[in-house]
Amino acid sequence: MKSKMATTASDFFEQTKVPDNYDAKKQAMLQFVEFHRRKTTKIVLITSGGTTVPLESRTVRFIDNFSIGTRGASSAEHFLDSGYAVIFLHRHRSLEPYTRHFSQQTMLDALHVGEDDTISVDEAKAPNLRSILVKYKQSKSERRLLNVDFNAVGEYLYLLKAACQVLGQVGSKVMIYLAAAVSDFYIPSSEMPEHKIQSSGGPLQIHLQLVPKMLGPLVKEWVPQAFITSFKLETDVSLLESKARKALQTYDHQVVIANILETRKLEVVLITRDCAEKIALSEEQIKNNVAIEELIVEHLAAMHDSHITGELSNIDT
Ligand code: 9Z3
């Protein structure tokens, strides 16, 4: 039987199974937000990494995308540096703040076993390790970082909504930073085979439905007072700015950051209702390994402060 296409966010949630560990993850986000909401701390929800599109309900195969979560993980570190509490909603096993610097063999290569069996850190690597470790420990001791993971696009959207429901109580101190690379297409549960698809059935044809756009309800209903930044990714430069502007007009949120796949680590365009500003690393910054996320976060944190001040003066008058 063919399912009705999920044209709205609520149709999608009705037709998609609640993810495993959903209640525990929502509860962890609730506790995190309760801990921070009474303080002056600003809170940012960062989404990061790519969503999968399962082809079978007992999933052996899935469609994936290129994102490994550099944008999200690097941005999280800079938001933490700027004093934010961070909910880091990321693809399972994608890059995470701080640990991303020690992926694969780099950590083991930096360690040495001495003659008396003590372990020491390579002198050349120690300063870098120390500065990251200090920040990591500080964010831990201040409980300012919460990692929540997802795999499939349905799981991501359930957790995004849950996070927003929790953050909706907090008002303008909240920023939403949608850096995850989210699939536009999916297979509804009712159209998905339960078991592994067999090659004996011949060449495979798959039919994908459109994932309904969630930015509309997110802006209007879930977190109406928050400062919301979405990202627009294109490969065709001639489409980028017009599509980013269209997103801003359609959803009426605060910022769209436009980026091109190949140049995303060097330049982006930050688009608001009033202006478009190119943010690009200088030659000097590239040489010094400055990450573009440092510049992006600096801009957004200042805009978020104005957003909060604006909201407060609206309440005063
Ligand atoms: C982005 O555009 C991010 O900047 C990247 C970061 C995914 C390019 P990496 O993880 O890459 O550092 O390798 N994210 C948003 C992508 C997206 O799905 N945007 C939708 C669209 O373009 C709108 S929400 O239509």
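As the structure is a prediction and not an experimental result, all values here were calculated from the model. Along each chain, the written sequence defines residue order, and numbers are assigned to residues from 1. pLDDT decides what is reported in this predicted model: residues at 70 or higher carry local features, side-chain atom pairs at 80 or more are listed and counted, and totals for whole chains, interfaces and linings draw on all residues regardless.

A.B. asks: Provide a residue-level description of the overall build of the protein chain, including the pertinent values.
C.D. replies: For the purposes of this entry, the term helix denotes a DSSP run of H or I that reaches at least four residues, the term strand denotes a run of E that reaches at least two, and both are numbered from the N terminus. Along its length, the protein chain carries 10 helices and 14 strands. Computed over the C-alpha atoms, the radius of gyration of the protein chain is 21 Å, within 12% of the 20 Å expected from 2.2 N^0.38 for a compact globule of 317 residues. Note on contacts: each residue gets a C-beta atom placed from the backbone, and two residues are in contact if those atoms are within 7 Å. Considering only intrachain contacts with a sequence separation of at least 6, the fraction spanning at least 24 residues in the protein chain is 72%. C-alpha atoms define the radius of gyration, and 2.2 Å times the number of residues to the power 0.38 defines the globule rule.

A.B. asks: Which residues make up the site of the ligand, and what are the values?
C.D. replies: In this text, near has one meaning. A residue is near a molecule or strand if its C-beta atom, placed using the backbone, is within 6 Å of it. Inspection of the region around the ligand gives 15 residues, with S67, T70, R71, F231 and L233 positioned closest. The leading source of residues in the shell around the ligand is strand β11 (residues 227–234), at four residues.

A.B. asks: Mind laying out the pairing of β11, listing which residues take part and the relevant values?
C.D. replies: Buried, partly exposed and exposed are defined by the number of other C-beta atoms within 10 Å of a residue's own C-beta, namely 20 or more, between the two limits, and 12 or fewer respectively, with C-beta atoms placed from the backbone. Of all eight residues in β11, seven are buried, a share of seventy percent or more. Any two strands with at least two DSSP bridges between them are considered paired. Direction of pairing for β11 relative to strand β12 (residues 255–260): parallel, over a ladder of six bridges. Paired with K232 across the bridge in β12 is A258. Looking down the strands as they point away from the viewer, one classifies a crossover as right-handed if the path from the first strand across the helix to the second runs clockwise. Chirality of the crossover, the property in question, places the unit of β11, helix α8 (residues 237–251) and β12 among those that are right-handed.

A.B. asks: Please give an account of unusual backbone geometry that cites residues and values.
C.D. replies: The phi torsion at R143 lies on the positive side, around 50 degrees, for a residue other than glycine. Relative to the elements of secondary structure, R143 occurs in the loop between α5 (126–141) and β7 (145–150). Positive phi, close to 60 degrees, is recorded for N289, a residue that is not glycine. Within the secondary structure layout, N289 lies in the loop between α9 (283–287) and α10 (292–316).

A.B. asks: Go over the UniProt feature "domain: DNA/pantothenate metabolism flavoprotein C-terminal" (unreviewed entry) in the protein chain, please, and point to the residues and values.
C.D. replies: As recorded in UniProt, the feature "domain: DNA/pantothenate metabolism flavoprotein C-terminal" (unreviewed entry) lies at residues 169–275. The distance separating the terminal C-alpha atoms of residues 169–275 is 30 Å; by composition the span is 21% helix and 26% strand. UniProt positions are given in the numbering used here, feature names are shortened, and annotations may be inferred rather than shown by experiment.

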